[in-house]
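Residues per chain are reported as follows:
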Amino acid sequence: MSAQLPTGTQADELASAARVDPGGARQTVAIRATGAYTPEKVLTNNELTHLVDTSDEWIVSRTGIRERRIAAPDETAADMAVQAGARAIEKAGLSPADIDLVIVATITPDMPFPSTACLVQTRLGMRNICAFDVEAACSGFIYITEIATAMLQSGRFRHALIIGTEKLSSILDWNDRSTCVLFGDGAGAAVLSRGEQHGNGSLSVLDTRLGADGAASNILYMPGGGSRIPASAESLAAGHHFLKMNGREVFKIAIRIMEQATRDILARNDVPLDRVACIIPHQANSRIIEMLSERMQVPMDRFHINLDRLGNTSAASVPLALDEVLAQGKIASGEYAVLVAFGAGLTWGATLLRG
Ligand code: ACO
């Protein structure tokens, strides 16, 4: 008899069954603390008008962005990740020696290899522990939340440091007004621990749903620097090492995907939308978030927004926003929150948390 693929519901049951440890006790995983780092330099919309033909009015009305942070020339994705990671570990009341897993999400690693996670691991004084990068663009932090949760639930790891870090300024074409006004630099981190309960400032990671559609890979990408177009004088001259985006297409798909991912994660956990205290969306464009609010009938004050100050920081966007949400005490004990993102790939994901 030929093997049959599981249906959607069976796949969900298999996924939750996989979260049961060999002893039978369900392993809870919680975000114990977060940490954030943004570079000192602020680049305002008005300053951008000296670089490209744009205006503060155009950028604010189309995106909601007023300013973004830009890393120093010698400051890298790993440098920012180290800062955010160290803060998260300290806030968690742990020391680097307690961490046994480091995962970094980034599309702007310090270099193609070794991984940024390995660079961060040694800089934080950790030795001989599992460290690797994940590339899922703006959904990266949701992807690494799911990966870390599953690895912790396996029983083999106890405390994970997960970090989204980006130096997007290093892959922007500063002559292209349609992209350079949108992005910024920064890093956000979280410490996830097994056996932690929600409450006392920790957030239980209840569930994550991930997806991707590679058929849409051509609407947001960087063509150069890989095996298809290795670096050469010609590839540099052609601008292949810059981010390319079909903004309109991304915009349309983003709204649909963010709504679906949020509704799916709530439905599969029987959590009604009105019990969600805070939705923490990827910070790409305030119009996307406003349309999401309208379509889902969720008031805007339940969405956390910091893109006006930080722009789109890709994999760093969700953890930077989560760090602010926790600092502002927006998720009380027992309340639910949703992280939701989409990004190049296209990738998407949503995580359900409980305070
Ligand atoms: N200043 C002034 N004019 C501009 C600018 C600018 N910065 N950028 C583009 N324009 C012009 C265009 O040239 C065009 O002019 P034309 O009509 O004369 O040709 C006009 O404005 C309209 O351009 P559109 O691209 O149609 O503008 P739109 O309203 O779609 O807004 C935007 C563009 C802001 C990029 C929007 O499409 C968007 O936010 N898309 C989603 C992007 C996104 O979410 N990316 C996240 C993923 S990032 C990741 O995963 C790494």
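Residues numbered from 1 in each chain as written. Predicted model: local features only at pLDDT ≥ 70, side-chain atom pairs only at ≥ 80, totals over all residues. Heavy atoms only, no water.

> It is not clear to me how the domain arrangement of the chain should be interpreted in this structure. Could you clarify?
Quite often, the size of an interface is put as the accessible area lost when its parts meet. By domain assignment, the chain separates into domain 1 (21-194) and domain 2 (203-354). The centre of domain 1, based on its C-alpha atoms, is set 14 Å off from the matching centre of domain 2. At the junction of the two partners, domain 1 supplies 50 residues and domain 2 supplies 46 residues. Carbon and sulfur atoms supply 64% of the area buried between domain 1 and domain 2, which totals about 3,700 Å² over both sides. Where Asp323 meets Lys91, a salt bridge forms, and the shortest distance between an N and an O atom there is 3.0 Å. Run the count over domain 1 and domain 2 and you get 22 residue pairs in polar contact (both at pLDDT 80 or more). Among the secondary structure elements, those contributing two or more residues to the side of domain 1 that touches domain 2 are β1 (29-37), α3 (56-63), β3 (67-70), α6 (140-153), β6 (159-167), α7 (177-180) and β7 (185-194). (Domains from an automatic or database assignment. Contact = heavy atoms within 4.5 Å. Buried area = accessible area lost by both parts, 1.4 Å probe. Salt bridge = Lys/Arg side-chain N within 4 Å of Asp/Glu carboxyl O. Polar contact = N/O pair within 3.5 Å; in protein donor to acceptor, adjacent residues only side chain to side chain. Helix = DSSP H or I, 4+ residues; strand = E, 2+ residues; numbered from the N terminus.)

> Got a minute to help me understand the pattern of salt bridges in this structure?
Proximity of charged atoms lets side chains of opposite charge pair with each other. All chains considered together, the criterion is met by nine salt bridges. Between Glu47 and Lys41 there is a salt bridge; the shortest N-O distance is 3.9 Å. Close ionic contact of Glu249 with Lys252 constitutes a salt bridge, the shortest N to O distance being 2.9 Å. In this pair, Glu249 and Lys252 are both assigned in helix α9 (residues 247-267), three residues apart and thus about one turn of the helix distant. With a relative accessible area of 28%, Glu249 lands in the partly exposed category. On the basis of relative accessibility, which here comes to 53%, the residue Lys252 falls in the exposed class. One connected set of salt bridges, linked through shared partners, spans Glu259, Arg263 and Arg295. (Buried < 20%, exposed > 50% of the residue type's maximum accessible area, 1.4 Å probe, protein only.)

> I would appreciate a short explanation of the sheet that holds strand β11 (residues 276-281) in the present structure.
The strands making up a sheet are joined through hydrogen bonds of the backbone, oriented either antiparallel or parallel. An order of β5-β4-β6-β7-β1-β8-β13-β12-β11 is seen for the nine strands of this open sheet, with the pairing classed as mixed. The open sheet has two edge strands, β5 (130-134) and β11, and neither has a second partner. Neighbouring strand axes in the sheet, compared pairwise and without regard to direction, differ in orientation by 25° on average. Taken together, the five bridges between strand β4 (residues 101-105) and β6 define a ladder with parallel strand orientation. Within β6, the residue paired with Val102 across the bridge is Leu161. (Pairing = 2+ DSSP bridges. Axes fitted to C-alpha atoms, helices over the stretch in contact; angles between N-to-C directions.)

> What am I meant to see in the pairing of β4 here?
Side chains on a regular strand alternate between the two faces of the sheet. Counted residue by residue, β4 has five buried out of five residues, so it is predominantly covered. Neither face of β4 is open: one carries Leu101, Ile103 and Ala105, the other Val102 and Val104, and all of them are buried. Sheet topology places β4 next to β5; five bridges connect them, and they run parallel. For Ala105, the partnering residue across the bridge sits in β5 and is Val134. The handedness of the β4 to β5 crossover, carried by helix α5 (residues 116-123), is right-handed. (Right-handed = clockwise from strand over helix to strand, strands pointing away.)

> Honestly, the nonpolar core in this entry has me stumped. Any pointers?
Soluble globular proteins tend to bury their nonpolar side chains together. Of all hydrophobic cores here, the largest spans 46 residues; its most connected members are Leu266, Val276, Ile288, Val338, Val340, Phe342 and Leu352. Looking at this core, the elements with two or more residues in it are α9, β11, α10 (286-296), β12 (336-343) and β13 (347-354). Considering each element in turn, this core owes the most residues, 10 residues, to α9. Residues from two domains meet in this core; each of domain 1 (21-194) and domain 2 (203-354) gives at least three. Setting aside its immediate chain neighbours within four residues, Phe342 contacts Cys138, Ser139, Val250, Ala254, Ile257, Met258, His282, Ala284, Ile288, Thr347 and Trp348. (Core = buried A, V, L, I, M, F, W, Y, C linked by side-chain atoms within 4.5 Å.)

> Where do I start with the site of the ligand in this structure?
The full set close to the ligand counts 26 residues, and Thr54, Arg62, Cys138, Arg248 and Asn285 are the nearest of them. Between the ligand and Arg287, the relevant distance is 3.4 Å, taken from an oxygen atom to a side-chain nitrogen or oxygen of the residue. Taken by itself the ligand offers 1,000 Å² of open surface, and the protein chains cover 77% of this. When residues in the shell around the ligand are grouped by element, the largest group, four residues, is from α9. Class assignment for the residues of the shell around the ligand results in 13 nonpolar, eight polar and five charged. Residues lining the shell around the ligand come from more than one domain, with at least three contributed by each of domain 1 (21-194) and domain 2 (203-354). (Near = heavy atom within 4 Å. Areas by Shrake-Rupley, 256 points an atom, 1.4 Å probe, with all protein chains shown as cover. Nonpolar A, V, L, I, M, F, W, Y, C, P; charged D, E, K, R; others polar.)

> Explanation requested: unusual backbone geometry in the structure shown.
Cis peptide bonds are those with omega within 30 degrees of zero, and the linkage from Phe113 to Pro114 qualifies with 0°. Checked against the element boundaries, Pro114 lands in the loop between β4 and α5. Residue Leu346 follows Gly345 across a cis peptide bond; omega there is -15°. Structurally, Leu346 can be placed in the loop between β12 and β13. With phi around 60°, Asn128 is a residue other than glycine that occupies positive phi space. Structurally, Asn128 is set in the loop between α5 and β5. Overall, the relative accessible area of 78% leaves Asn128 in the exposed class. In this structure, Gln297 is a non-glycine residue whose phi angle is positive, near 55°. Structurally, the position occupied by Gln297 is in the loop between α10 and α11 (307-310).

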